[in-house]
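Examination of the molecular architecture
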Amino acid sequence: MASTFFGLNIASSGLSSFQTAVNTTANNIANVDTKGYSRQEAIKTAADALRVNAKYGSTGTGVEVTAISQMRDIYYDIKYWGNNSNLGEFQTKSYYLKQIETYFQDDDKVVGFSKIFSNMYDSLDELKKNSPSLDNRNSYISSALTLTDYYHSVSNRMTSLQTDVNQVIATKTAMINGTAQKLATLNKQINLIEQKGGKANELRDERSLLIDDLSKLVPVEVREEDVVNTNFPDWKTGMTTYVVKINGQTLVNSYEYNELECIPREQAQKVNISDADGLYDL
């Protein structure tokens, strides 16, 4: 027979579990502006029933919180990472193409190719009308030099842009390598916590945020699988393997990671003869 205070114990379990739920809600509200934070929920289940000497055989013993889980769907993460990669690619292309557009600006405010080319042909027409004229000759030579200077200016600015982009590639490569190292460290920390039955929600958020940032630089594939006991395949150890690939190549494999390397092209490896020296291949 249950003790006199059995009902109070049930009530106490209810108060305790809902206090945990309230604290979890408070934590969600406190982190409403935290970048990368995922909403959490207290998972409640009925406590183990107590067998009693009665017709109904057993009686409930209350409620308990079994876990505080993230409300996050990997399906939407994968969709976001794929689209974020496309967004990052086209934003970068748009940024540099707009710079290139300014090099070829040709309107009432800026004297561009059309005006310079037109002036040269006007000078040539004048020269044809009176070729012995020294002034006409000098005018045509001056207009031709102006066109030549314009081509040199555009070429130098394009080469300078290539050099700037090359440095950005080196910087982004270092960022990717740093992210890979952080991911490997987080994978180990998460497994150390979760193999003991805990939930490393905040560390998982931090890891997902790194993937968010990484996906804007390169196409990302992520695969996470449970580690099971080899003798008892149905028994999960609480640990997972976490693999991150970029462009089909493995960047992170659980606790190990690979690094990208920038290798300057030799003269013979130039894609275009007018390319800047030392452009990187990855």
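Just so it is clear, the structure is predicted and the values come from calculations on it, not from any experiment.

Check the secondary structure of the protein chain and you find five helices and 10 strands. In terms of C-alpha radius of gyration, the protein chain reaches 33 Å, well past the compact-globule figure of 19 Å for 282 residues. For the C-alpha atoms alone, the extent of the protein chain along its principal axes is close to 125 × 40 × 25 Å. Out of the 282 residues in the protein chain, the part that is buried amounts to 28%. Sequence separation of 24 or more characterises 54% of the internal contacts of the protein chain that already satisfy a separation of 6 or more. When the accessible surface of the protein chain is summed, it comes to about 19100 Å², and 54% of that surface belongs to carbon and sulfur atoms. Side-chain charges of the protein chain comprise 28 positive and 35 negative groups, with the mean position of each set lying 5 Å from the other.

Once that is clear, we can look at the packing of aromatic side chains. A full pass over the atoms with the stated rule returns seven aromatic pairs. Between the aromatic rings of Tyr75 and Tyr76, the centroid separation amounts to 5.2 Å while the plane-to-plane angle is 80°, which identifies the pairing as edge-to-face. Looking at Tyr76, the relative accessible area reads 55%, which means it is exposed. Taking the centre distance of 5.0 Å and the plane angle of 55° together, the rings of Phe117 and Tyr121 count as tilted. Within this pair, Phe117 and its partner Tyr121 are both found in helix α3 (residues 113-129), separated by four residues, close to a single helical turn. Residue classification places Phe117 among the partly exposed residues on the basis of a relative accessible area of 30%. When its relative accessible area of 42% is taken as the criterion, Tyr121 is described as partly exposed. The structure contains a cluster of three or more aromatic residues connected by ring pairs, namely Phe113, Phe117, Tyr121, Tyr150 and Tyr151. A cation over a ring is seen here: Lys44 above Phe18, with NZ or CZ 4.9 Å from the ring centre.

Let us look at the sheet that holds strand β8 (residues 256-257). Strand order in the open sheet formed by four strands is β5-β6-β7-β8, and the pairing between neighbours is antiparallel. Of all strands in the sheet, those with a lone pairing partner are β5 (220-228) and β8, marking the two edges. Across four bridges, strand β6 (residues 236-246) lies against strand β7 (residues 249-253) in antiparallel orientation. Bridge pairing links Ile246 to Gln249 in β7.

Here we come to the pattern of salt bridges. Tallying each qualifying case throughout the model produces 11 salt bridges. One salt bridge connects Arg72 with Asp77, and the closest N-O pair in it is separated by 2.8 Å. Overall, the relative accessible area of 11% leaves Asp77 in the buried class. The salt bridge partner of Lys270 is Asp277, with a shortest N-O separation of 2.7 Å. For Asp277, a relative accessible area of 60% corresponds to the exposed category. Taken together, the shared-partner salt bridges in this structure form one network comprising Glu194, Arg204, Arg207 and Glu224.

Running from N to C, helix α4 (residues 134-194) and helix α5 (residues 201-215) cross one another at 160°; their axes reach a closest spacing of 9 Å. Judged on the interaxial angle alone, α5 and α4 are roughly antiparallel. As α4 runs across α5, the sense of the crossing is left-handed. Residue-level contacts link Ile176, Thr179, Lys182, Leu183, Leu186, Asn187, Gln189, Ile190, Ile193 and Glu194 of α4 to Leu203, Arg204, Glu206, Arg207, Leu210, Ile211 and Leu214 of α5. Tallied by class, the residues present in the contact of α4 with α5 amount to nine nonpolar, three polar and five charged.

Calculation criteria
- Residues numbered from 1 in each chain as written.
- Predicted model: local features only at pLDDT ≥ 70, side-chain atom pairs only at ≥ 80, totals over all residues.
- Heavy atoms only, no water.
- Helix = DSSP H or I, 4+ residues; strand = E, 2+ residues; numbered from the N terminus.
- Rg over C-alpha atoms; globule rule 2.2 N^0.38 Å.
- Buried < 20%, exposed > 50% of the residue type's maximum accessible area, 1.4 Å probe, protein only.
- Contact = heavy atoms within 4.5 Å.
- Areas by Shrake-Rupley, 256 points an atom, 1.4 Å probe, with all protein chains shown as cover.
- Lys, Arg positive; Asp, Glu negative; His and termini not counted.
- Charge placed at Lys NZ, Arg CZ, Asp CG, Glu CD.
- Phe/Tyr/Trp six-rings, centres within 6.5 Å; stacked < 30°, edge-to-face > 60°.
- Lys NZ or Arg CZ within 6 Å of the ring centre and 35° of its normal.
- Pairing = 2+ DSSP bridges.
- Salt bridge = Lys/Arg side-chain N within 4 Å of Asp/Glu carboxyl O.
- Axes fitted to C-alpha atoms, helices over the stretch in contact; angles between N-to-C directions.
- Parallel < 35°, antiparallel > 145°, perpendicular 65-115°, else oblique.
- Left-handed = near helix turned anticlockwise from the far one by under 90°.
- Nonpolar A, V, L, I, M, F, W, Y, C, P; charged D, E, K, R; others polar.

Structural measurements only, silent on function.
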